[in-house]
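So you can see what is in the structure, the chains are spelled out below.
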Amino acid sequence: MTAPLVPAPLPHSVTVDLGGRTALVTGAAGGIGRACALRLAAAGAKVRAVDRDAAGLEELAAQSAGLGGTVESVVLDLTDLDAAEQAAAGTDILVNNAGLQLVRPIEKFPPEVFHTVLTVMLEAPFRLIRGALPHMYGQGWGRIVNLSSVHGLRASAFKSAYVSAKHGLEGLSKTAALEGAPHGVTSNCVNPGYVRTPLVERQIADQAAAHGIPEEQVLTEVLLKDAALKRLVEPHEVAEAVAYLCTPQASFITGTSLALDGGWTAH
């Protein structure tokens, strides 16, 4: 499959000093999560990198060597909700990123997968926020960044669990913003379109099989059909937006959804 032109990674364009801060990033072993973990560590944060993929976390730790901050690997399956809540204790910055996807019509969607998707992508973020807030409230400062999606703002067919979870995450994020405002805690969603990650690569293959068309046609005519910019978003672009929301300059941004969708929601 020939992918659209990939922009070269840019130097970190926003000066972010997170020295002394502890950040937790879920789904940190790859894709957006890895990019966020590296970006926050580069800003000086002590990052708790949470994922069930131990090998991926080892690669992340090696990649983070020499950055201003540190990366601590935490091997954890987020379906263990009690453990997830405990892992968030003492964090100043929480990035809820972990996700999974299955593309099926509703009548063929396995109920157990629907349950798992909502557990990992909605209930676990609730428990992580719940675990992080006492420390954030106690110090009068905190940043919650929820990796939502354009599918938190728009629906697509055959993604009932993912769309449901992301719409729920939007509501959870706004509620956390309203409750956290008096305590110096902000909560926002970042809403990328299709990002160049293994999850999206698998979606392309699934959609090609479902529609009976080549993968390249899926990319241009299905995934990017409603986007003005006909390319995938890069993980480092998403991580830069996440980092900005953690700066002092972003202290008045809360309860909102930042779309990185190439113009999809401009329709």
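Residues numbered from 1 in each chain as written. Predicted model: local features only at pLDDT ≥ 70, side-chain atom pairs only at ≥ 80, totals over all residues. Heavy atoms only, no water.

A. Expanded view of the overall build of the protein chain. Within the protein chain, the secondary structure is distributed over eight helices and seven strands. Computed over its C-alpha atoms, the radius of gyration of the protein chain comes to 18 Å, within 12% of the 18 Å expected for a compact globule of 267 residues. In terms of its C-alpha atoms, the protein chain occupies a principal-axis envelope of roughly 55 × 40 × 40 Å. Put simply, the protein chain has 267 residues, and 50% of those count as buried. Relative to all contacts within the protein chain whose residues are 6 or more apart in sequence, the contacts with residues 24 or more apart total 75%. For the protein chain, the accessible surface area stands at approximately 11,800 Å², while carbon and sulfur atoms represent 57% of it. Taking the average location of the 20 positive side-chain charges in the protein chain and that of its 26 negative ones, the two points are 4 Å from each other. (Helix = DSSP H or I, 4+ residues; strand = E, 2+ residues; numbered from the N terminus. Rg over C-alpha atoms; globule rule 2.2 N^0.38 Å. Buried < 20%, exposed > 50% of the residue type's maximum accessible area, 1.4 Å probe, protein only. Contact = heavy atoms within 4.5 Å. Areas by Shrake-Rupley, 256 points an atom, 1.4 Å probe, with all protein chains shown as cover. Lys, Arg positive; Asp, Glu negative; His and termini not counted. Charge placed at Lys NZ, Arg CZ, Asp CG, Glu CD.)

B. Structural context of empty space enclosed by the protein. Using the criterion set out here, one finds one cavity of 30 Å³ or more in the structure. Computed from the structure, the largest cavity encloses a volume of approximately 60 Å³. In terms of lining residues, the largest cavity is bounded by Thr 26, Leu 78, Asn 96, Asn 97, Ala 98, Val 120, Met 121, Pro 125, Leu 128, Leu 147, Lys 166 and Leu 169. Elements with a contribution of two residues or more to the lining of the largest cavity: helix 4 (111-139) and helix 5 (160-180). Broken down by element, the residue count for the lining of the largest cavity peaks at four residues, all from helix 4. When its residues are assigned to classes, the lining of the largest cavity shows eight nonpolar, three polar and one charged. (1 Å grid on protein atoms, 1.4 Å probe; cavity = no way out; pocket = protein on both sides within 12 Å on 5 of 7 lines; lining within 4 Å. Points joined across faces, edges and corners; volume = space filled by probe spheres on them. Nonpolar A, V, L, I, M, F, W, Y, C, P; charged D, E, K, R; others polar.)

C. Main features of the environment of Leu 199. Mapped onto the fold, Leu 199 is located in helix 6 (residues 198-211). A C-alpha to C-alpha distance of 8.3 Å links Leu 199 and Gly 31, two positions 168 residues apart in sequence. Discounting residues that sit within four places of it in the chain, Leu 199 has contacts with Gly 99, Leu 100 and Gln 101.

D. Focus on the packing of helix 1 (residues 31-42) against helix 8 (residues 235-245). At a minimum axis distance of 8 Å, the contact between helix 1 and helix 8 shows a crossing angle of 50 degrees. Between helix 1 and helix 8, the interaxial angle falls into the category oblique. The chirality of how helix 1 crosses helix 8 is right-handed. Together, Gly 31, Ile 32, Ala 35, Cys 36, Arg 39 and Leu 40 of helix 1 and Pro 235, His 236, Val 238, Ala 239, Glu 240, Val 242 and Ala 243 of helix 8 make up the contact between the two elements. Grouping the amino acids of the contact of helix 1 with helix 8 by side-chain chemistry returns nine nonpolar, two polar and two charged. (Axes fitted to C-alpha atoms, helices over the stretch in contact; angles between N-to-C directions. Parallel < 35°, antiparallel > 145°, perpendicular 65-115°, else oblique. Left-handed = near helix turned anticlockwise from the far one by under 90°.)

E. Spotlight on the sheet that holds strand 2 (residues 46-51). In space, the seven strands of this open sheet follow the order 3-2-1-4-5-6-7, with parallel pairing throughout. The two strands at the open ends of the sheet, each matched to only one other strand, are strand 3 (70-75) and strand 7 (257-260). Taking each pair of neighbouring strands and ignoring which way they run, the sheet shows an average axis angle of 15 degrees. Relative to strand 6 (residues 185-192), strand 5 (residues 142-147) runs parallel, the two sharing six bridges. Each residue of the ladder has a partner; that of Gly 142, found in strand 6, is Val 185. Where helix 2 (residues 54-63) meets the sheet, its contacts fall on strand 2 and strand 3, and the angle it forms with strand 3 comes to roughly 175 degrees. Its contacts with the sheet place helix 4 against strand 1 (22-26), strand 4 (93-96), strand 5 and strand 6, and it is angled at close to 170 degrees to strand 4. (Pairing = 2+ DSSP bridges.)

Any link to function would need more than the numbers given here.
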